[in-house]
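# Summary of structural features
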Amino acid sequence: GVAVDEGAGTRAGGGSTRTVVPVAEVAGVIDLLALTLRGGVGLVEAMEAVATRVGGPLGLHLQTVAAAGRWGVEDATAWASVPSAWQPAARALRMAATAGVPPADVLARAAEEVRRAEQQRLELATTALGIRIVLPLGLAFLPAFVLTTVVPIVLALAHQVLVNQ
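### A few points about the overall build of the chain
Within the chain, the regular secondary structure consists of 6 helices and 2 strands. Going residue by residue from the N terminus, the α and β elements of the chain occur as β-β-α-α-α-α-α-α. The burial tally for the chain puts 28% of its 165 residues in the buried class. Across the chain, the fraction of contacts at a sequence separation of at least 24, relative to all contacts at a separation of at least 6, is 44%. Looking at the chain as shown, the accessible area adds up to about 10,300 Å², and 65% of this sits on carbon and sulfur atoms.

### A short note on the environment of Glu-118
As for its position among the elements, Glu-118 is in helix H6 (residues 103-163). In the structure, Glu-118 is positioned 91 residues away from Ala-27 in sequence and 9.8 Å away in space, judged by C-alpha atoms. Of the polar contacts made by the side chain of Glu-118, one reaches the side chain of Arg-121; its length is 3.0 Å.

### Focus on a nonpolar patch on the surface
On the surface, a cluster of nonpolar side chains totalling about 700 Å² of accessible area is made up of Leu-142, Phe-145, Val-146, Leu-147, Val-150, Val-151, Val-154 and Leu-155. Relative to the assigned elements, Phe-145 resides in helix H6.

### Some remarks on the pattern of salt bridges
Oppositely charged side chains are able to pair whenever their charged atoms sit close together. Taken as a whole and assessed by the stated rule, the structure comprises 7 salt bridges. A salt bridge links Arg-115 to Asp-31, with the nearest nitrogen and oxygen atoms 2.7 Å apart. Of this pair, Arg-115 sits in helix H6 while Asp-31 sits in helix H1 (residues 23-38), and the two are 84 residues apart along the sequence. Asp-31 gets classed as partly exposed once you look at its relative accessible area, which sits at 23%. The closest approach of N and O atoms between Arg-38 and Asp-105, which form a salt bridge, is 2.6 Å. With Arg-38 in helix H1 and Asp-105 in helix H6, the pair connects residues that are 67 residues apart, well separated along the chain. It is possible to trace a salt-bridge network through shared partners that takes in Asp-31, Glu-112 and Arg-115.

### What to know about the packing of helix H5 (residues 87-99) against H6
Interaxial distance between H5 and H6 falls to 9 Å at its minimum, and their mutual angle equals 150°. With respect to their mutual orientation, H5 and H6 come out roughly antiparallel. The element H5 and its partner H6 pack so that their crossing is right-handed. Contacts between H5 and H6 pair Pro-88, Ala-89, Arg-91, Ala-92, Leu-93, Met-95 and Ala-96 from the former with Pro-103, Val-106, Leu-107, Ala-110, Glu-113 and Val-114 from the latter. Here the residues of the contact of H5 with H6 sort into 11 nonpolar, no polar and 2 charged.

### Regarding the packing of aromatic side chains
The relation between two aromatic rings is expressed through the spacing of the ring centres and the mutual angle of the planes. Considering all chains together, one arrives at 1 aromatic pair under this definition. Pairing Trp-79 with Trp-86 gives two aromatic rings, centres 6.3 Å apart and planes at 40°, and the pair type is tilted. The residues Trp-79 and Trp-86 share a single accessibility class, namely buried.

### Remarks on the environment of Pro-57
Structurally, Pro-57 is set in helix H3 (residues 56-70). Judged by relative accessible area, which is 42%, Pro-57 ranks as partly exposed. Through-space distance from the C-alpha of Pro-57 to that of Val-21 is 7.8 Å; in sequence the pair is 36 residues apart.

### Considering the confidence of the model for the chain
For the chain, the mean per-residue pLDDT works out to 81, and 88% of the residues sit at or above 70. Note that residues 2-18 has pLDDT below 50 and, in this model, 37 contacts with residues that lie over four places away or in other chains.

### Quick word on H6
Under the 1.5 Å per step criterion, the end-to-end length of H6 is 88 Å for 61 residues, consistent within 8% with the ideal 90 Å. Where H6 bends most, the angle comes to about 35°, and this point is Val-146. Along H6, the residues classified as buried are Ala-104, Val-106, Leu-107, Ala-110, Ala-111, Val-114 and Glu-118. Looking at the buried side of H6, the elements it contacts are H1 and H5.

Conventions we followed
- Residues numbered from 1 in each chain as written.
- Predicted model: local features only at pLDDT ≥ 70, side-chain atom pairs only at ≥ 80, totals over all residues.
- Heavy atoms only, no water.
- Helix = DSSP H or I, 4+ residues; strand = E, 2+ residues; numbered from the N terminus.
- Buried < 20%, exposed > 50% of the residue type's maximum accessible area, 1.4 Å probe, protein only.
- Contact = heavy atoms within 4.5 Å.
- Areas by Shrake-Rupley, 256 points an atom, 1.4 Å probe, with all protein chains shown as cover.
- Polar contact = N/O pair within 3.5 Å; in protein donor to acceptor, adjacent residues only side chain to side chain.
- Patch = residues over 30% accessible without salt bridge, like charges linked within 9 Å, V, L, I, M, F, W, Y side chains within 5 Å.
- Salt bridge = Lys/Arg side-chain N within 4 Å of Asp/Glu carboxyl O.
- Axes fitted to C-alpha atoms, helices over the stretch in contact; angles between N-to-C directions.
- Parallel < 35°, antiparallel > 145°, perpendicular 65-115°, else oblique.
- Left-handed = near helix turned anticlockwise from the far one by under 90°.
- Nonpolar A, V, L, I, M, F, W, Y, C, P; charged D, E, K, R; others polar.
- Phe/Tyr/Trp six-rings, centres within 6.5 Å; stacked < 30°, edge-to-face > 60°.
- pLDDT = per-residue confidence, 0-100.
- Expected span 1.5 Å × (residues − 1).
- Bend = angle between axes of the 7 residues up to and from the residue.

Encoded structure:
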């Protein structure tokens, strides 16, 4: 998957941390969280279990949100402390809590949303790359074409016209 460089909050020392967030992997972790919740585990426990299983930066993000939940920190604040790639999961959990529905299905849809958004971003990036590649090639080959094809023909025609007069 493609990685997105996002701010992941601030360190205790006051400096900003930068974490590379692989967006495709975030979708997979959200799916894993949904599956864990379907097993009947509570949300904080599910986040901790998935965080332990996944490990790495993504596990640390989930562990951060779970710890904030255990300390009674408001959900919006807890999710704001992790990169924005997690926001579809945060929105899904808020929506499920507001509607009073189990969060697993809503989270699975959020994972699909992450994948769809990443696919659209990749398609746009591919289109832009095509334009950035073709434009310089055109600017390089057009003068070469003019110099090797058009100029000799014009010179030959001019020579014929001038000689025949």
